[in-house]
Amino acid sequence: MAETTTAQPTRPAGGHPAPGGPASERPAAEPPAAKRRVRRASRQGRLWPAHVLLSLGAVVTVFPLLWQVLTSFKSFGESTRVPPTIWPEHWQWSNFSTVFDSIPFGDQFVNTVLMTLIRTVAQLLLCSMAAYAFARIRFPGRGAIFLGFLAVLMVPSQLFLLPQYQIMQDLGWLNSLQALSVPGMFSAFGTFLLRQFFLGLPGELEEAARLDGANPFTVYWRIALPLARPGLLALGILTFLWSWNDLMWPLVVNTDPAQMPLSAGLASLQGSHMTDYPVLMAGSLLATLPVIVVFVAMQRHFIQGIAFSGMKG
Amino acid sequence: MSPETETAGAKGAPPPVIPVTPVTSVTALDERQLRRRERKFHNRDKWWGYALIAPAGLGLAVFYLWPVLQTLYYSFTEWGPFGGTTWIGIENYRTLVSDPEVWQSLGNTLFYTVLVLLGIPVAMVLAVLLNLKGMRGTGFYRTLYFLPVVTMPAAVAVVWRWLYNGDIGIINEALAKIGIDGAYWVSDPSTVRFAVAAVGVWMTVGYNMILLLAGLQGIPQDYYEAASLDGAGRVRQFFSVTLPLLSPTLFFTTVLSVIQSLQVFDLIYMILGANTAVGPTNPAYSEGQTVVMLFFQKSFYDNQRAYGAAIVCVLFVLIMALTALQFRLQKRWVHYG
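Going by the annotation in an unreviewed UniProt entry, the name recorded for chain B is Sugar ABC transporter permease, with Streptomyces iconiensis given as the source organism. Quoted verbatim from the Subcellular location (unreviewed entry) field of UniProt, the annotation for chain B is "Cell membrane".

Identification of chain A as Carbohydrate ABC transporter permease from Streptomyces iconiensis is taken from an unreviewed UniProt entry.

Dropping the structure here:
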């Protein structure tokens with residue numbers, strides 16, 4: 001109906017923003033300041049139902065984590081009391097030391113950090129190298145090799161598990177840091193993500209550097225990589241998160257508690273303290289706190305990075 | 001003209017809008033010169049190309065590509081007690097089809113997948129609210145809703161098992177206040193699947209919300225102005241502007257959600273508790289067990305690796321089929337500009 005007459009003229013073909021064309025936004029008429037203030041005030045007034053709904057949702061979202069923190073400081077007896085207490089009567093820090101006594105928490109923390117670090121650094125380096133070659137260098141067989149990468153991208157991770165385990169066993173790597181880290185150093189997803197990123201960068205600088213005699217590696221390392229920082233950040237965050245939280249692979253390869261990461265350690269803690277919830281809450285809090293701290297510190301990057309790429313899985 | 005994706009396409013201009021005008025013929029000349037120079041480098045470059053790809057490529061080939069083929073092969077074999085495999089054809093698949101445990105776990109997984117999809121409308125409402133004109137505190141809300149997304153699923157499971165506890169869990173305490181006698185949520189066969197899916201929704205709402213919010217912010221304000229000039233009210237605007245323009249994002253979100261839900265493991269594995277040598281301690285174990293859990297159990301505890309391989313191959317086919325189905329159905333409801 002009338003929609004066509006008004007919507008059409010400002011709408012560029014194919015839904016793309018008109019590239020290089022005349023700016024499609026019309027400058028909006030500025031309402032007088034007083035009027036604007038009134039409108040803003042009334043708008044805030046109308047927004048309160050939205051705030052109520054959003055707050056309600058936020059409470060539901062945060063409550064489990066809050067309850068986790070509160071429980072982790074209660075004594076076992078207090079946690080089982082039937083009208084439950086909200087605040088701990090005595091803040092019982094010993095739940096945390098019980099965690100340390102039950103599982104080799106320090107070792108597992110170090111394992112988790114190292115595993116995460118190795119996987120993340122390796123992926124950033126290896127994926128960006130391959131991605132750069134796919135995006136910018138021409139060589140015979142490039143398309144075929146890229147198809148191989150894409151094939152890996154489409155397969156759910158459980159299909160790799162048995163043979164990967166076999167390889168670890170054959171190498172004698174079970175219960176080691178290598179077993180935790182090595183297969184996760186390679187990623188088809190990361191390569192694909194960064195390739196898209198490199199393709200979106202303007203190539204003039206790189207071409208100029210090539211004409212000045214720099215070799216492709218120098219151009220990749222000195223020019224393309226610094227420009228790709230947002231892409232690297234997104235991949236780094238995803239890999240960090242995914243490695244830290246990974247459970248199945250560690251459960252499979254590292255059955256020795258001293259060699260486990262925290263996720264698997266939590267599984268064994270749950271096995272041994274099935275109903276001692278304050279201790280379980282303390283353990284799970286300790287395992288998640290580092291990620292939450294990093295998330296809160298760099299939330300904008302986290303959210304953008306994850307929205308940008310779609311979580312791997 | 002055939003678009004040269006490496007040079008022309010990389011500049012960010014979508015191919016269809018490169019018109020053949022005198023202006024571009026100059027750049028075309030430049031490009032031709034450039035390409036000639038490129039060819040000079042080409043031979044040396046190709047070795048650089050192989051060298052840069054080699055580390056990632058070899059790693060992926062050894063740890064990913066080859067294992068897929070091996071898993072496929074294993075699924076047609078029998079695992080000897082001391083290792084080694086014997087070809088038995090489709091025997092594993094035949095066993096699988098008549099294995100009630102497989103069907104049960106498939107059903108559980110699909111049930112979980114469907115219920116988690118119900119979180120998408122919730123995420124959509126939240127995203128629309130956050131996108132309201134003049135909304136304050138969006139950053140604050142976003143952070144809170146995103147917390148469950150970054151929290152380790154294993155830890156989340158431990159926390160929810162506590163909330164769900166039948167005797168002293170806070171959920172039943174709250175229900176008792178309003179006179180409802182709560183169930184033993186995660187150890188009662190009739191409630192376990194709902195309980196687990198609720199956690200699944202809780203964990204994914206923030207993520208879906210962020211994706212949908214990004215989609216909403218991509219809708220040009222002009223469209224709403226145009227619609228309101230035409231007298232469309234808020235509701236009408238939502239259905240005739242927001243929903244169609246958001247449908248590609250909704251589609252993407254749905255596809256991702258299905259793929260991830262079908263592979264769910266950590267959360268449910270931890271909520272249900274271990275399946276020990278003498279059988280699971282949780283009476284609702286088989287009503288909660290997912291396909292990947294069954295695979296894990298068969299492969300690494302029951303030492304039936306070939307059977308486990310067959311199970312994941314079936315899962316792979318299921319994921320591919322459901323994804324393909326969604327792509328086919330998208331013509332009916334997804335609106336590309």
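J.: I'd like to hear about the environment of Gln 68 of chain A, residue by residue, with values.
T.: Here Gln 68 of chain A shows up in helix 3 (residues 48-72). For Gln 68 of chain A, a relative accessible area of 3% translates into the label buried. Sequence separation between Gln 68 of chain A and Tyr 277 of chain A is 209 residues; the distance between their C-alpha atoms is 9.1 Å. Apart from the residues lying within four places of it in its own chain, the contact partners of Gln 68 of chain A are Met 281, Ser 284, Leu 285 and Thr 288 of chain A together with Val 159 of chain B.

J.: Quick rundown of the interface of chain A and chain B? Include the residues and the values.
T.: Across the contact, 118 residues belong to chain A and 103 residues belong to chain B. Between chain A and chain B, the buried area comes to about 10200 Å², and carbon and sulfur atoms account for 72% of it. Together, Leu 54, Arg 138 and Leu 162 of chain A form the three largest contributors to the area buried by chain A at its contact with chain B, with a combined 8%. The interface formed by chain A and chain B contains one salt bridge. Put simply, chain A and chain B have 18 residue pairs in polar contact (both at pLDDT 80 or more) between them. With 16 residues, the single largest contributor to the side of chain A that touches chain B is helix 3 of chain A.

J.: Lay out the UniProt feature "transmembrane region" (unreviewed entry) in chain A with the relevant residues and their values.
T.: Residue and element names in this part refer to chain A. Following the UniProt record, one finds the feature "transmembrane region" (unreviewed entry) at residues 47-67, 109-132, 144-165, 177-198, 219-244 and 277-298. Across residues 219-244 one finds 96% helix and 0% strand; the C-alpha atoms that close the span lie 33 Å apart. Within the segment residues 277-298, helix and strand shares are 95% and 0% respectively, and the terminal C-alpha atoms sit 31 Å apart.

J.: Tell me what's going on with the confidence of the model for chain A, and back it up with residues and numbers.
T.: On average, residues of chain A carry a pLDDT of 85, and 84% of them reach 70 or more. Counting contacts from residues 1-28 of chain A, a segment whose pLDDT is below 50, to residues more than four positions away or on other chains yields 23 contacts.

J.: Describe the packing of helix 5 (residues 94-102) of chain A against helix 16 (residues 277-297) of chain A, listing the residues and the values that go with them.
T.: Residues and elements named next belong to chain A. Relative orientation of the contacting elements helix 5 and helix 16 amounts to 75 degrees, with a least axis distance of 8 Å. By the criterion of interaxial angle, the relationship of helix 5 to helix 16 is roughly perpendicular. Judged by residue contacts, Asn 95, Phe 96, Thr 98, Val 99 and Phe 100 of helix 5 engage Pro 278, Val 279, Ala 282, Gly 283, Leu 285 and Leu 286 from helix 16. When grouped by side-chain class, the residues that make up the contact of helix 5 with helix 16 number eight nonpolar, three polar and no charged.

J.: Let's hear about the UniProt feature "transmembrane region" (unreviewed entry) in chain B: which residues, and what values?
T.: All names here are of chain B. The positions UniProt marks with the feature "transmembrane region" (unreviewed entry) are residues 47-66, 110-132, 144-163, 194-216, 237-259 and 306-325. Counted over residues 110-132, helix gives 87% and strand 0%. Its end C-alpha atoms are 34 Å apart. For residues 306-325, the helix share is 100%, the strand share is 0%, and the end-to-end C-alpha distance is 29 Å.

J.: Could you give an account of helix 13 (residues 291-300) of chain B, with specific residues and numbers?
T.: The periodicity of an α-helix, 3.6 residues per turn, causes residues three or four positions apart to be oriented the same way. Taken across its 10 residues, helix 13 of chain B has 10 buried, putting it largely inside the fold. Inspection of helix 13 of chain B places Val 291, Val 292, Met 293, Leu 294, Phe 295, Phe 296, Gln 297, Lys 298, Ser 299 and Phe 300 of chain B among the buried residues, and these make up the whole buried set.

J.: Kindly report on helix 3 (residues 100-117) of chain B, identifying the contributing residues and their values.
T.: Residue and element names in this part refer to chain B. Under the 1.5 Å per step criterion, the end-to-end length of helix 3 is 26 Å for 18 residues, consistent within 8% with the ideal 26 Å. Three or more residues of helix 3 are buried, namely Val 102, Ser 105, Leu 106, Asn 108, Thr 109, Tyr 112, Thr 113, Leu 115 and Val 116. Sitting at the amino-terminal end of helix 3 is Asp 99, which places a side-chain oxygen 2.9 Å from the backbone nitrogen of Glu 101.

J.: Can you tell me about the pattern of salt bridges, naming the residues and giving the values?
T.: Per the stated rule, a full pass over the model turns up seven salt bridges over all chains. For the salt bridge of Arg 119 of chain A with Asp 246 of chain A, the shortest nitrogen-to-oxygen distance reads 3.3 Å. Highlighted residues: Arg 119 of chain A in helix 6 (residues 105-136) and Asp 246 of chain A in the loop between helix 13 (229-245) and helix 14 (248-253), separated in sequence by 127 residues. Exposure remark for Arg 119 of chain A: the relative accessible area of 2% places this residue in the buried category. Asp 246 of chain A sits in the buried class, given a relative accessible area of 13%. Here Lys 298 of chain B and Asp 302 of chain B are joined by a salt bridge, their closest N and O atoms 3.8 Å apart. Linked through salt bridges whose partners overlap, the residues forming this network are Glu 101, Lys 298 and Asp 302 of chain B.

J.: Break down the nonpolar core for me, citing the residues and quoting the values.
T.: Counting residues in each nonpolar core, the largest one holds 188 residues, and the members touching the most others are Phe 198 and Leu 266 of chain A together with Val 199, Phe 265, Leu 267 and Met 270 of chain B. Counting residues per element, this core draws most heavily on helix 8 (residues 192-217) of chain B, at 16 residues. Two domains each provide a minimum of three residues to this core, namely domain 1 (23-61) and domain 2 (92-333) of chain B. Not counting chain neighbours up to four residues away, the residues in contact with Met 270 of chain B comprise Leu 247, Leu 266, Ala 267 and Gln 270 of chain A together with Ala 154, Ala 157, Val 158 and Arg 161 of chain B.

J.: Kindly report on the environment of Val 152 of chain A, identifying the contributing residues and their values.
T.: Position of Val 152 of chain A among the secondary structure elements: in helix 7 (residues 142-154). With relative accessibility at 7%, the residue Val 152 of chain A sits in the buried group. With 37 residues separating them along the chain, Val 152 of chain A and Phe 189 of chain A place their C-alpha atoms 8.4 Å apart. Once residues lying within four places of it in the same chain are set aside, the contact partners of Val 152 of chain A are Phe 160 and Ala 188 of chain A together with Leu 60, Tyr 64 and Leu 65 of chain B.

J.: Give a detailed account of the packing of aromatic side chains, specifying residues and quantitative values.
T.: Per the counting criterion, the structure on display carries 46 aromatic pairs over all chains. An angle of 55 degrees between the planes, with centres 6.0 Å apart, marks the rings of Phe 140 of chain B and Tyr 141 of chain B as tilted. Under the relative-accessibility criterion, Tyr 141 of chain B is labelled buried at 7%. By the ring-pair criterion, three or more aromatic residues cluster together here, those being Tyr 165 of chain A together with Phe 265, Tyr 269, Phe 295, Phe 296, Phe 300 and Tyr 301 of chain B. Sitting over the face of the ring of Phe 146 of chain A, Arg 195 of chain A holds its NZ or CZ atom 4.2 Å from the ring centroid. Sitting above the plane of the Phe 111 of chain B ring, Arg 193 of chain B keeps its charged end 4.4 Å from the centroid.

J.: Help me get a handle on the environment of Ile 118 of chain A, residues and values and all.
T.: Residue and element names in this part refer to chain A. Tracing the backbone through its elements, the reader meets Ile 118 in helix 6. Note: C-alpha distance between Ile 118 and Met 185 (67 residues apart in sequence) is 7.2 Å. Aside from chain neighbours lying at most four places away, what touches Ile 118 is Leu 177, Ser 181 and Met 185.

Analysis parameters
Residues numbered from 1 in each chain as written. Chains lettered and ligands numbered in written order. Predicted model: local features only at pLDDT ≥ 70, side-chain atom pairs only at ≥ 80, totals over all residues. Heavy atoms only, no water. UniProt positions renumbered as here; feature names shortened; annotations may be inferred. Helix = DSSP H or I, 4+ residues; strand = E, 2+ residues; numbered from the N terminus. Buried < 20%, exposed > 50% of the residue type's maximum accessible area, 1.4 Å probe, protein only. Contact = heavy atoms within 4.5 Å. Buried area = accessible area lost by both parts, 1.4 Å probe. Salt bridge = Lys/Arg side-chain N within 4 Å of Asp/Glu carboxyl O. Polar contact = N/O pair within 3.5 Å; in protein donor to acceptor, adjacent residues only side chain to side chain. pLDDT = per-residue confidence, 0-100. Axes fitted to C-alpha atoms, helices over the stretch in contact; angles between N-to-C directions. Parallel < 35°, antiparallel > 145°, perpendicular 65-115°, else oblique. Nonpolar A, V, L, I, M, F, W, Y, C, P; charged D, E, K, R; others polar. Expected span 1.5 Å × (residues − 1). Core = buried A, V, L, I, M, F, W, Y, C linked by side-chain atoms within 4.5 Å. Domains from an automatic or database assignment. Phe/Tyr/Trp six-rings, centres within 6.5 Å; stacked < 30°, edge-to-face > 60°. Lys NZ or Arg CZ within 6 Å of the ring centre and 35° of its normal.

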